[in-house]
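Structural features, examined
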Amino acid sequence: MSLLADNISFSYWKEDIIRNVAFSIEEGDCLAVLGTNGAGKSTLLKCLNRILEPQGGTVYINGKDSFKLKRSDIAKNIGYVPQNHNFTKERVFDTVLLGRKPYIKWYLGQRDIKIVEEVLELLDLKDYSMRYIHELSGGELQKVIIARALVQEPKILLMDEPTSNLDLRNQVEVLNMIKKIIKKKRISAIITIHDLNLALRFANKFLLLKEGECFNFGDASIINPESIKQVYDVEVVIKDYKGIPVIIPI
Ligand SMILES: Nc1ncnc2c1ncn2[C@@H]1O[C@H](COP(=O)(O)OP(=O)(O)OP(=O)(O)O)[C@@H](O)[C@H]1O
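The name an unreviewed UniProt entry gives the chain is Iron complex transport system ATP-binding protein, with Tepidimicrobium xylanilyticum as the organism.

Structure follows, in structure tokens:
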């Protein structure tokens, strides 16, 4: 499944927050959306799954104009992991089951339960299924939110800062898990992330946003000292450690 963002523009009030942003991804891609605080990363993700309606441009999912699809069909294609979560007192299993909403008409089916159990197993959350989510650590909660998006069986997973609030071990674990899921389920992902080193390690495509505009889009070669200076106003060197690029501010 492919996603093509064709010149997306969005404004909350008068001022444009996203201006003519264009990029595309294919099955197996992990796209990192990068840029400074306030560059428009979260806003762009919300435009991609139509939480927000862009004033300009179109999103094509597998060549189809997503603005002509029903919301439930979008939810079957695109899973969304938001940056902030507000939960009432719910158990992990019920929270994850909520992700099946686009498929459930009147009654829960055996398949809905089976998929929830499979995803809980995949994310190593089975032992947590009867725990209340407000009793979980930040890392455990983040996995539950990802699980809820995965039971939608999306072809494209949008994740807004999936590693914020996570310690170093959990950052690497969650990103490794996402990479594994992309391969196993043959899907693609778009993530916003602040840590450029983690982005370089886990993503294969990159979108650099600067003040709501696409500064550059492409493979890892677009993440270089010149583009980082122009987007973040920080001087860096990029060193190689056993094949892994490491960005060091100087
Ligand atoms: N609901 C809203 N109403 C008005 N302005 C908003 C709203 N949400 C975000 N903005 C503004 O839009 C701009 C882009 O915000 P957005 O959250 O998309 O940036 P971001 O790149 O994700 O930032 P961060 O890295 O800090 O999460 C910011 O100037 C922000 O203040």
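Picking up where we left off.
**Details of the site of the ligand**
Lining the immediate surroundings of the ligand are 14 residues, of which Asn37, Gly38, Lys41, Ser42 and Thr43 lie closest. Interatomic distance of 2.9 Å between a side-chain N/O atom of Asn37 and an oxygen atom of the ligand. The side chain of His194 places a nitrogen or oxygen atom 2.9 Å from an oxygen atom of the ligand. In the complex, the protein chains occlude 60% of the 640 Å² of accessible area that the ligand would expose alone. Element by element, the count of residues in the shell around the ligand is highest for helix 1 (residues 41-48), at 3 residues. Here the residues of the shell around the ligand are counted per class, giving 4 nonpolar, 8 polar and 2 charged.

**Looking at the packing of helix 5 (residues 138-150) against helix 6 (residues 168-185)**
Relative to each other, helix 5 and helix 6 sit at 15°, their axes nearing to 11 Å. As summarised for this structure, helix 5 and helix 6 are arranged roughly parallel, according to the angle between their axes. Between helix 5 and helix 6 lies a crossing of right-handed hand. On helix 6, the residues touching Gly139, Lys143, Ile146 and Leu150 of helix 5 are Asn170, Glu173, Val174, Met177, Ile178 and Ile181.

**Some details on the state of the cysteines**
Summed over the entire model, instances satisfying the criterion amount to 0 disulfides. In this structure Cys30 is a free cysteine whose sulfur lies 17 Å from that of Cys214, the closest cysteine sulfur available. Cys47 carries a free sulfur, and the closest cysteine sulfur to it, the one in Cys214, is 14 Å from it. The exposure class assigned to Cys47 is buried, which follows from its relative accessible area of 0%.

**Considerations on helix 4 (residues 110-122)**
Compared with the 18 Å implied by 1.5 Å per residue over 13 residues, the 18 Å span of helix 4 between its first and last C-alpha is a close match. Residues of helix 4 that are buried include every one of Asp112, Ile115, Val116, Val119 and Leu120, and no others. The arc that holds every buried residue of helix 4, seen down its axis, measures 135°, which confines them to one face. Facing away from the buried side of helix 4 by over 90 degrees, the exposed positions are Gln110, Arg111 and Lys114. Where helix 4 is buried, its residues meet helix 3 (92-97) and helix 5.

**A few points about the layout of surface pockets**
Quantified by volume, the largest pocket comes out at close to 480 Å³. Forming the boundary of the largest pocket are 16 residues, of which Asn49, Ala75, Ile78, Tyr80 and Gln152 lie nearest the centre. For the lining of the largest pocket, the secondary-structure elements that each account for two or more residues are helix 2 (71-77), strand 6 (78-81) and helix 5. Looking at the lining of the largest pocket, its residues break down into 9 nonpolar, 3 polar and 4 charged. Of the volumes computed, that of the second largest pocket is approximately 210 Å³. Forming the boundary of the second largest pocket are Arg111, Lys114, Ile115, Glu118, Val119, Leu150, Glu153, Pro154, Lys155, Lys185, Arg186 and Ile187. If one sorts the elements of the lining of the second largest pocket by residue count, helix 4 sits on top with 5 residues. Looking at the lining of the second largest pocket residue by residue, the class counts come to 5 nonpolar, no polar and 7 charged.

Thresholds, definitions, all that
- Residues numbered from 1 in each chain as written.
- Predicted model: local features only at pLDDT ≥ 70, side-chain atom pairs only at ≥ 80, totals over all residues.
- Heavy atoms only, no water.
- Near = heavy atom within 4 Å.
- Polar contact = N/O pair within 3.5 Å; in protein donor to acceptor, adjacent residues only side chain to side chain.
- Areas by Shrake-Rupley, 256 points an atom, 1.4 Å probe, with all protein chains shown as cover.
- Helix = DSSP H or I, 4+ residues; strand = E, 2+ residues; numbered from the N terminus.
- Nonpolar A, V, L, I, M, F, W, Y, C, P; charged D, E, K, R; others polar.
- Axes fitted to C-alpha atoms, helices over the stretch in contact; angles between N-to-C directions.
- Parallel < 35°, antiparallel > 145°, perpendicular 65-115°, else oblique.
- Left-handed = near helix turned anticlockwise from the far one by under 90°.
- Contact = heavy atoms within 4.5 Å.
- Disulfide = S-S within 2.5 Å.
- Buried < 20%, exposed > 50% of the residue type's maximum accessible area, 1.4 Å probe, protein only.
- Expected span 1.5 Å × (residues − 1).
- Arc of directions from axis to C-beta.
- 1 Å grid on protein atoms, 1.4 Å probe; cavity = no way out; pocket = protein on both sides within 12 Å on 5 of 7 lines; lining within 4 Å.
- Points joined across faces, edges and corners; volume = space filled by probe spheres on them.

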